[in-house]
Amino acid sequence: MASILDEYEDSLSRSAVLQPGCPSVGIPHSGYVNAQLEKEAPIFTKQRIDFTPSERITSLVVSCNQLCMSLGKDTLLRIDLGKANEPNHVELGRKDDAKVHKMFLDHTGSHLLIALSSTEVLYVNRNGQKVRPLARWKGQLVESVGWNKALGSESSTGPILVGTAQGQIFEAELSASEGGLFGPAPDLYFRPLYVLNEEGGPAPVCSLEAERGPDGRIFVIATTRQRLFQFIGRTAEGAETQGFLGLFAAYTDHPPPFREFPSSLGYSELAFYTPKLRSAPRAFAWMMGDGVLYGALDNGRPDSLLSEERVWEYPDGVGPGASPPLAIVLTQFHFLLLLADRVEAVCTLTGQVVLRDHFLEKFGPLKHMVKDSSTGHLWAYTERAVFRYHVQREARDVWRTYLDMNRFDLAKEYCRERPDCLDTVLAREADFCFHQRRYLESARCYALTQSYFEEIALKFLEARQEEALVEFLQRKLASLKPAERTQATLLTTWLTELYLSRLGALQGDPDALNLYRETREHFRAFLSSPRHREWLFASRSSIHELLASHGDTEHMVYFAVIMQDYERVVAYHCQHEAYEEALAVLARHRDPQLFYKFSPTLIRHIPRQLVDAWIEMGSRLDARKLIPALVSYSQGGEAQQVSQAIRYMEFCVNVLGETEQAIHNYLLSLYARGQPASLLAYLEQAGTSPHRVHYDLKYALRLCAEHGHHHACVHVYKVLELYEEAVDLALQVDVDLAKQCADLPEEDEELRKKLWLKIARHVVQEEEDVQTAMACLASCPLLKIEDVLPFFPDFVTIDHFKEAICSSLKAYNHHIQELQREMEEATASAQRIRRDLQELRGRYGTVEPQDKCATCDFPLLNRPFYLFLCGHMFHADCLLQAVRPGLPAYKQARLEELQRKLGAAPPPTKGSARAKEAEGGAAAAGPSREQLKADLDELVAAECVYCGELMIRSIDRPFIDPQHYEEEHLSWL
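These figures come from a predicted structure and were not determined experimentally.

Draft legend 1. Representation of the overall build of the chain. Along the chain, the regular secondary structure elements total 34 helices and 33 strands. The buried share of the chain, taken over its 973 residues, is 45%. If you take every contact in the chain between residues at least 6 apart in sequence, the share linking residues at least 24 apart comes to 53%. Carbon and sulfur atoms provide 50% of the accessible area of the chain, an area that totals close to 52,200 Å².

Pasting the structure below:
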């Protein structure tokens, strides 16, 4: 047998583009160039399968990319089209003369039913090789099967419907499990549900389709030769697996609704169109005697699944007579009729025959045609050949058909990805609406087309349809690109002029008040539209000029607010002396630059409200930039003017924490002029540190002096640390204030004494108050009676100083006694130190032969060693190694230097005068060897390494060096 399904395009195969009334080249429209460089591929392309059957083909079904065909009377050929080179042959094992009547393959391609002419039915599963007879089905000639698309799976069909030639509808369920010789049969049950009748009695069930709606509803459509029946019901929640028994039980007492036609082919066939696998079908086509009943399927209708029904008559030469249709398949926009010698395609939108595809006689008459819903491919076959139709871009030019039918919405839907075609549809729709006097709809469509702008605008002007013109201009404006600034300026200016002219014409007419208000709202909506904001902003100067030329100040302000041109709004209010409105705009939009610009004007008229607004703005405002406005306002010197300026400056200093010197200096000047009582409090609050005050000290001193505020001047002197000047000025005001100033230089006793002497001289010589002078002696311990006596006149008696002199003498006597006690304590301490030194000179330690180094644990006497008073003993090199890590870097460097010099020094010699002379010469050149050893001992052996400060400093050092931790860790394993 020849290789199966190695496809090639037969030279005799014919292909056609099924376009109902559509030319092959698109109509170019203004703005588009539509040129086809090569011929477009046809929608339906027929291909013959390179396959020569060993026997005649009696039946063929395809589903889910699984193809099954019966050859002769005893052979079943199964092919997975994804693996076309692995065909599977199954022998039916029939010994009688029974022929294959029909075959049925479910939507998963897993369950195959073979109905035999002997009223037997065989079952074959895709995953098995065994042909299993269905005993319960015996005696029924099966004509149709309604598969359960909701519950069917590869292992089970779920409840399905079976239609027979006797008009009976059965419910059955098949299982793919094979239980061996004594296992369960594949047909789980087979029970009758209903009998379909025509006028003469029961009629064969030609087609069966079962669908489930999204709300639990069940729809079953069954056809006979002349009737189409609908069974509609609802299943209870959770009862989906109970099957169709409840649905058909509802029609026991009354027949289901049906459509009937008088003519008959002796059979009929029902085809569904499903966009995607396992989705709900969208349309149906019923081939019967009077033609093809075509319509949509609507699950939402309560009484019928069918909608938008219409009957398309058969083309000429097709019908119950000489050339009856043998089969029908349905695609998105066409149904294809299979005749004995050809295939005819009919457009479901127009009913026109768009293709007659004839087959050569050598292949024999056509038998049947089926569709694989999973791939969309169409299959037709004769007894000796198999053909396949590919469907490519079926909806490519359907828009033209809808356009000719004036169904513009559908036309736009099917050319949405083709701008040139969409433009044609929009232009046709716009013209249609214009002629129907639906001008606004026409304007919206024209705005989306590439038609000439001038032509459309003149068209609306000639028809005096300004409202439609405005709509057209607005939509054109919204569609402009950012680079088209000139067009945007033109459109925005034109629209503004149209609105203003219309408002001007309606304003004086009392009968058109409502129309005026409506137009005004439209104009404001245009000005505030987010779609037009960019262009309105770019054209704002021209629009303001137009508004000004029409004298429309109301919309001028409105437009300025929308454009956030608040400067123009505030200036307008100030020009019309509406200062509170101007301040409201400033406060609402919080633009600091506008505050800086308009504050000099507003503060002259509403100072309190403006200062309140400043305070509300808080840190957003730079107070330095508001000082000019305050200065110009407070120059009048009135109390109210100064108080408002002080209020804002105090807010800046106390609340905002301003540290700018200009602000503090200005506040000082305001205090000095208007509120002297607050001046000293402010200075004291600022503190006495010259580095922490934020005002200019020299400016403050000059300002206070000019206005005669002496207390404030004294405070500034204190901050400047000019204590002598502070005391001099304070003595002119208050002696107590001078005393406070005199105590300030705490660290300079000489200056304090000098300042107190000034106070005492002033009290004695100026005020001649001896008691106060004596009080000064008590206030300052630095002053003695002998310091003050020269200030008194000669006639003053000693009685005034008796107590002071006695107190001074007692103080001197006490001081002498203290000195004597300290001298005795120092003498005793010196004697104790001498005794301790004597004891240390005679102290010694004993080293035994068995003593070992505290570090290396080797005998101590083998090498030079150190012995400490605490009893620890170390070899010299061991001690050096232990001390070195704990020394600072500079001491480690010093230690290395001493070791280097000691190693370079000559060894000591004895008994030679020449050696002594050499040693003396070396000493003159540098430190001697003994001196180097002493320096080394002082650095290394100053204290015991285990008992001294070095051990205390190493308390936070780990016992094991981190660099050697891993090595130590491994040594313990």
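Now, onward.
Draft legend 2. Main features of the layout of surface pockets. Its volume calculated, the second largest pocket comes out at about 580 Å³. Taken together, the elements giving at least two residues each to the lining of the second largest pocket come down to β23 (291-297) and β24 (306-312). For the lining of the second largest pocket, the residue count by class is 12 nonpolar, three polar and four charged.

Draft legend 3. Up close: the packing of aromatic side chains. Overall, the coordinates contain 26 aromatic pairs when judged by the stated rule. Judged by centre distance (5.3 Å) and plane angle (75°), the rings of Y194 and F231 are edge-to-face. Remark: F231 occurs in strand β19 (residues 227-234) and Y194 occurs in strand β14 (residues 187-195); sequence separation between them is 37 residues. A relative accessible area of 0% means that F231 is categorised as buried. Between F359 and F387, the ring centres sit 4.8 Å apart and the planes meet at 80°, which makes this aromatic pair edge-to-face. Of this pair, F359 sits in the loop between β28 (353-358) and β29 (368-371) while F387 sits in strand β31 (residues 386-391), and the two are 28 residues apart along the sequence. An aromatic cluster of at least three residues, connected via ring pairs, comprises F434, Y439, Y446, F453, F460, F472 and W494. The side chain of K46 reaches across the aromatic face of F359, ending 3.9 Å from its centre.

Draft legend 4. Geometry of the sheet that holds β23. Here four strands make up an open sheet; going across it, the order is β21-β22-β23-β24 and the pairing antiparallel. Looking at the sheet topology across the chains shown, the edges are occupied by β21 (269-273) and β24. Taken pair by pair, the neighbouring strands of this sheet meet at an average axis angle of 20°, ignoring direction. Strand direction decides the pairing type here: strand β22 (residues 283-288) and β23, joined by six bridges, are antiparallel. Each residue of the ladder has a partner; that of A283, found in β23, is A296.

Draft legend 5. Representation of the environment of P864. Among the structural elements, P864 can be located in the loop between α28 (802-841) and β32 (865-867). Taking the relative accessible area as the measure of exposure, P864 reaches 61% and is therefore exposed. For the pair P864 and F874, spaced 10 residues apart in sequence, the C-alpha to C-alpha distance is 8.7 Å. Beyond its immediate sequence surroundings of up to four residues, P864 is in contact with F874, H875 and A876.

Draft legend 6. Fine view of the pairing of strand β2 (residues 44-48). Counting buried positions along β2 gives five out of five residues, so the element sits mostly inside the fold. Of the two faces of β2, the one holding F44, K46 and R48 and the one holding T45 and Q47 are both buried throughout. Relative to β31, β2 runs antiparallel, the two being bridged by five bridges. Within β31, the position partnered with F44 by the bridge is V391.

Draft legend 7. Here's a closer look at the pattern of salt bridges. For the structure shown, the criterion picks out 36 salt bridges. Residue D187 pairs with R136 through a salt bridge whose shortest N-O separation is 3.6 Å. One end of the pair, D187, is in strand β14; the other, R136, is in the loop between β10 (132-133) and β11 (142-146), and 51 residues separate them in sequence. According to the relative accessible area criterion, R136 is partly exposed, its value standing at 43%.

Draft legend 8. Helix α15 (residues 592-602), seen in detail. Every buried residue of α15 is accounted for by L594, F595, Y596, F598, S599 and L602. For α15, the elements touching its buried residues are α13 (566-575), α14 (579-589), α16 (607-617) and α17 (623-634). A distance of 3.2 Å separates the backbone nitrogen of Q593 from a side-chain oxygen at the start of α15, and that oxygen is part of D591.

Draft legend 9. Quick look at the confidence of the model for the chain. Averaged over all residues, the pLDDT of the chain is 81; the fraction at 70 or higher stands at 85%. The low-confidence segment residues 1-38, where pLDDT is below 50, has 86 contacts with residues more than four positions distant or belonging to other chains.

Draft legend 10. Inspection of the side chain of R396 at higher detail. Its place among the elements puts R396 in the loop between β31 and α2 (398-404). At a separation of 2.8 Å, a polar atom in the side chain of R396 contacts the main-chain carbonyl oxygen of Q392.

Draft legend 11. Structural context of the sheet that holds strand β12 (residues 160-164). On the basis of which strands lie adjacent, the open sheet formed by four strands has the order β11-β12-β13-β14 and antiparallel pairing. Of all strands in the sheet, those bounded by a partner on one side alone are β11 and β14. Pairwise comparison of adjacent strand axes, ignoring direction, gives a mean angle of 25° for this sheet.

Draft legend 12. View of the pairing of strand β5 (residues 75-80). Among the six residues in β5, five count as buried, and that is most of the element. Where strand β4 (residues 66-71) meets β5, six bridges bridge the pair, whose relative direction is antiparallel. Note on β5: the bridge partner recorded for S70 is L76. In textbook terms, the turn of a hairpin is the stretch between consecutive antiparallel strands, and for β4 and β5 this stretch comprises three residues, one of which, G72, has a positive phi near 65°. As paired elements, β5 and strand β6 (residues 88-91) share four bridges and run antiparallel to each other. Looking across to β6, one finds that T75 is bridged to E91.

Criteria and thresholds
Residues numbered from 1 in each chain as written. Predicted model: local features only at pLDDT ≥ 70, side-chain atom pairs only at ≥ 80, totals over all residues. Heavy atoms only, no water. Helix = DSSP H or I, 4+ residues; strand = E, 2+ residues; numbered from the N terminus. Buried < 20%, exposed > 50% of the residue type's maximum accessible area, 1.4 Å probe, protein only. Contact = heavy atoms within 4.5 Å. Areas by Shrake-Rupley, 256 points an atom, 1.4 Å probe, with all protein chains shown as cover. 1 Å grid on protein atoms, 1.4 Å probe; cavity = no way out; pocket = protein on both sides within 12 Å on 5 of 7 lines; lining within 4 Å. Points joined across faces, edges and corners; volume = space filled by probe spheres on them. Nonpolar A, V, L, I, M, F, W, Y, C, P; charged D, E, K, R; others polar. Phe/Tyr/Trp six-rings, centres within 6.5 Å; stacked < 30°, edge-to-face > 60°. Lys NZ or Arg CZ within 6 Å of the ring centre and 35° of its normal. Pairing = 2+ DSSP bridges. Axes fitted to C-alpha atoms, helices over the stretch in contact; angles between N-to-C directions. Salt bridge = Lys/Arg side-chain N within 4 Å of Asp/Glu carboxyl O. Polar contact = N/O pair within 3.5 Å; in protein donor to acceptor, adjacent residues only side chain to side chain. pLDDT = per-residue confidence, 0-100.

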